[in-house]
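Breakdown of the fold
The primary structure of each chain is shown beneath.
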Amino acid sequence: MSTNKMWGGRFSRGPDAIMEDINTSIDFDKRLAEQDLAGSLAHAAMLGAAGIIESADAEKIRTGLETIKAELAAGTFPFRRSFEDIHLNVEARLAELIGDAAGRLHTARSRNDQVATDFRLWVRDACARADLMLKALQSALLAQAETHAETIMPGYTHMQPAQPVTFGHHCLAYVEMLERDRSRFRDAGKRLNESPLGAAALAGTPYKIDRAMTAKALGFDGPMRNSLDAVSARDFALEYLSACAIAATHLSRLAEEIVLWASPAYGFIKLSDAFSTGSSIMPQKRNPDAAELVRAKVGRILGAFVGLLTVVKGLALAYAKDLQEDKEPVFAAHDALELSLAAMAGMFGDLTVDAPAMRRAAEKGYPTATDLADWVVTNLKKPFREAHHIAGAAVARAESLNLSLEKLPLSELKSVEPGITDAIYKVLSLEASVNARTSFGGTAPLRVREQIAFWKERL
Ligand code: ARG
């Protein structure tokens, strides 16, 4: 076994095969290749400009890195496990391409600040993509909200019919949630946007480097102020993962509703053929597999968050190889979240709503009982608690006669409360109930349309 070309100076033999297995990260950190090249290009240009290396060498390094970029794009770049990680793979390839000048690239830098830089760049892009994909799902929800601003469905608390709402209002609740998810990703993207490059191994470097120059070249707001923090901080990844976990939790709630609504017991929606699956044994089935999988993906996404928190917990400063375990959870959560977002936007984009079925369901469970109580408060000047009791008695009458409140004869209502007049029927219909909820943020179609206009402008 030969010793390692990169750091084998004091070694007389190479690593054990198991050592290589546990140590290598190229199988997953190859996903940082683009960011690694960007970091190296910025670093080499700075070394040349600052006179730390000859500008001819800086130029050779630049062309070599450009060749590697092309090889990566063409899929011909040789990823080799013997070179451990993406940083050493790039440097080794650079040496094959340009010879000795390659050895000057690592001046005034360490893999510790290099990997921190690469990973920040990667997570920054991921935050921006999450924002865009959440926006696409918001748009799909908004389109359904617009079609169904007046479509009545049961509103539930405790999964019991509570008060009628509109499907548009329900869709917009998710648009709001997703907006907060977007702002979490944007915040994370802003907060992480400082450059670790130039922190070197942990303590900074004696070379007269220009950290502001590399930071600017990489689109960072500026260099990180503390070299120890720069190489060991991973809260940017944790923040990204926590935003992923919260967004995935929101998606799981919507997914659960899709599963319920698509079941024949509800029959509120029909997923398109493109987003339904059949059963290998039961020919009648249309399964909402994608929604179920989105509902489940939160497991691995939250697991990734907890996993990385646990890796970082109790880790003394500065860099330790533990931190190499930061990438897989982030990549895993990222992949699961993006797939979930794409699937949800797809499903919501072309599902159809069975408005009559929603209405029939909304008629069950006396959902205008609160309206009856409110009428008694307003017209008979009763305290709400007493009105609540009267409405409850009316529901009991209606239930024993197997009638809706709307169909309950006036004589029955009068037997409960003699003061009730037939004016009360104006508030007992589902439409009246929904239309009456005009408070800001309420479900009245008038208010829902205002919110739709707000979101159309905003998205
Ligand atoms: N592959 C390593 C990682 O992902 C790069 C940094 C290695 N640094 C070191 N001192 N061994 O963390």
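Every value quoted in this text rests on a predicted model; they were computed, and no experiment measured them.

This part takes up the pairing of strand 1 (residues 152–157). The two faces of a sheet get side chains in turn, since along a regular strand they alternate between them. Pairing analysis gives 6 bridges linking strand 1 to strand 2 (residues 160–166), with the strands arranged antiparallel. Its bridge partner lying in strand 2, threonine 157 is registered against glutamine 160. Between strand 1 and strand 2, which pair antiparallel one after the other, the connecting turn spans 2 residues, and histidine 158 there sits at a positive phi close to 55 degrees.

Near the ligand you find Ser25, Asp29, Asp85, His87, Arg111, Asn112, Val115, Tyr319, Gln324 and Lys327, and these make up its full shell. Separating a nitrogen atom of the ligand from a side-chain N or O atom of aspartate 85 is a distance of 2.9 Å. The side chain of glutamine 324 places a nitrogen or oxygen atom 2.7 Å from a nitrogen atom of the ligand. Isolated, the ligand exposes 350 Å² of accessible area, and the fraction of that covered by the protein chains is 86%. Sorting elements by how many residues they give to the shell around the ligand places helix 6 (residues 111–147) first, with 3 residues. Among the residues making up the shell around the ligand, the classes are represented as 2 nonpolar, 4 polar and 4 charged.

Position of asparagine 112 among the secondary structure elements: in helix 6. Sequence-wise, asparagine 112 and alanine 230 are 118 residues apart; in three dimensions their C-alpha atoms are separated by 8.9 Å. In contact with asparagine 112, other than residues within four places in its own chain, are Ala200, Ala201, Val231 and Tyr319.

A few words on the pattern of salt bridges. Going through the model one piece at a time under the given rule, you end up with 34 salt bridges. A salt bridge links glutamate 179 to arginine 186; the shortest N-O distance between them is 3.7 Å. With its nearest N and O atoms 2.9 Å apart, the salt bridge here joins arginine 286 to aspartate 273. Separated by 13 residues along the polypeptide, arginine 286 in the loop between strand 3 (269–270) and helix 11 (289–312) and aspartate 273 in the loop between strand 3 and helix 11 bring together distant segments of the chain. Look at arginine 286 and you get partly exposed, because its relative accessible area is 37%. In this structure, a network of salt bridges that share partners links the residues Asp131, Glu179, Arg182, Arg186 and Arg458.

The next thing to look at is the nonpolar core. Ranked by size, the top nonpolar core spans 91 residues in total, and within it Phe185 and Phe348 carry the most contacts. Looking at this core element by element, the count peaks at 16 residues for helix 10 (residues 235–262). When residues no more than four places from it in sequence are discounted, the contact partners of phenylalanine 348 are Ala140, Leu141, Gln144, Phe167, Cys171, Leu254, Ile258 and Trp261. The next biggest cluster of nonpolar side chains, apart from the first, holds 18 residues, and it includes Tyr366, Ala387, Leu405 and Ile420.

In the structure shown here, the tally under the stated rule is 9 aromatic pairs. Aromatic pair phenylalanine 119 and phenylalanine 331: ring centres 6.4 Å apart, planes at 85 degrees, arrangement edge-to-face. Of this pair, phenylalanine 119 sits in helix 6 while phenylalanine 331 is found in helix 12 (residues 327–350), placing the two residues 212 residues apart along the sequence. Each member of the pair phenylalanine 119 and phenylalanine 331 is classed as buried. A ring pair is formed by tyrosine 266 and phenylalanine 268, whose centres lie 5.3 Å apart and whose planes are at 80 degrees; its orientation type is edge-to-face. Taken together through their ring pairs, the aromatic side chains of Phe119, Trp122, Phe236 and Phe331 make up a single cluster.

What counts, and where the lines are drawn
Residues numbered from 1 in each chain as written. Predicted model: local features only at pLDDT ≥ 70, side-chain atom pairs only at ≥ 80, totals over all residues. Heavy atoms only, no water. Pairing = 2+ DSSP bridges. Helix = DSSP H or I, 4+ residues; strand = E, 2+ residues; numbered from the N terminus. Near = heavy atom within 4 Å. Polar contact = N/O pair within 3.5 Å; in protein donor to acceptor, adjacent residues only side chain to side chain. Areas by Shrake-Rupley, 256 points an atom, 1.4 Å probe, with all protein chains shown as cover. Nonpolar A, V, L, I, M, F, W, Y, C, P; charged D, E, K, R; others polar. Contact = heavy atoms within 4.5 Å. Salt bridge = Lys/Arg side-chain N within 4 Å of Asp/Glu carboxyl O. Buried < 20%, exposed > 50% of the residue type's maximum accessible area, 1.4 Å probe, protein only. Core = buried A, V, L, I, M, F, W, Y, C linked by side-chain atoms within 4.5 Å. Phe/Tyr/Trp six-rings, centres within 6.5 Å; stacked < 30°, edge-to-face > 60°.

By themselves, these observations are geometric and do not establish any function.
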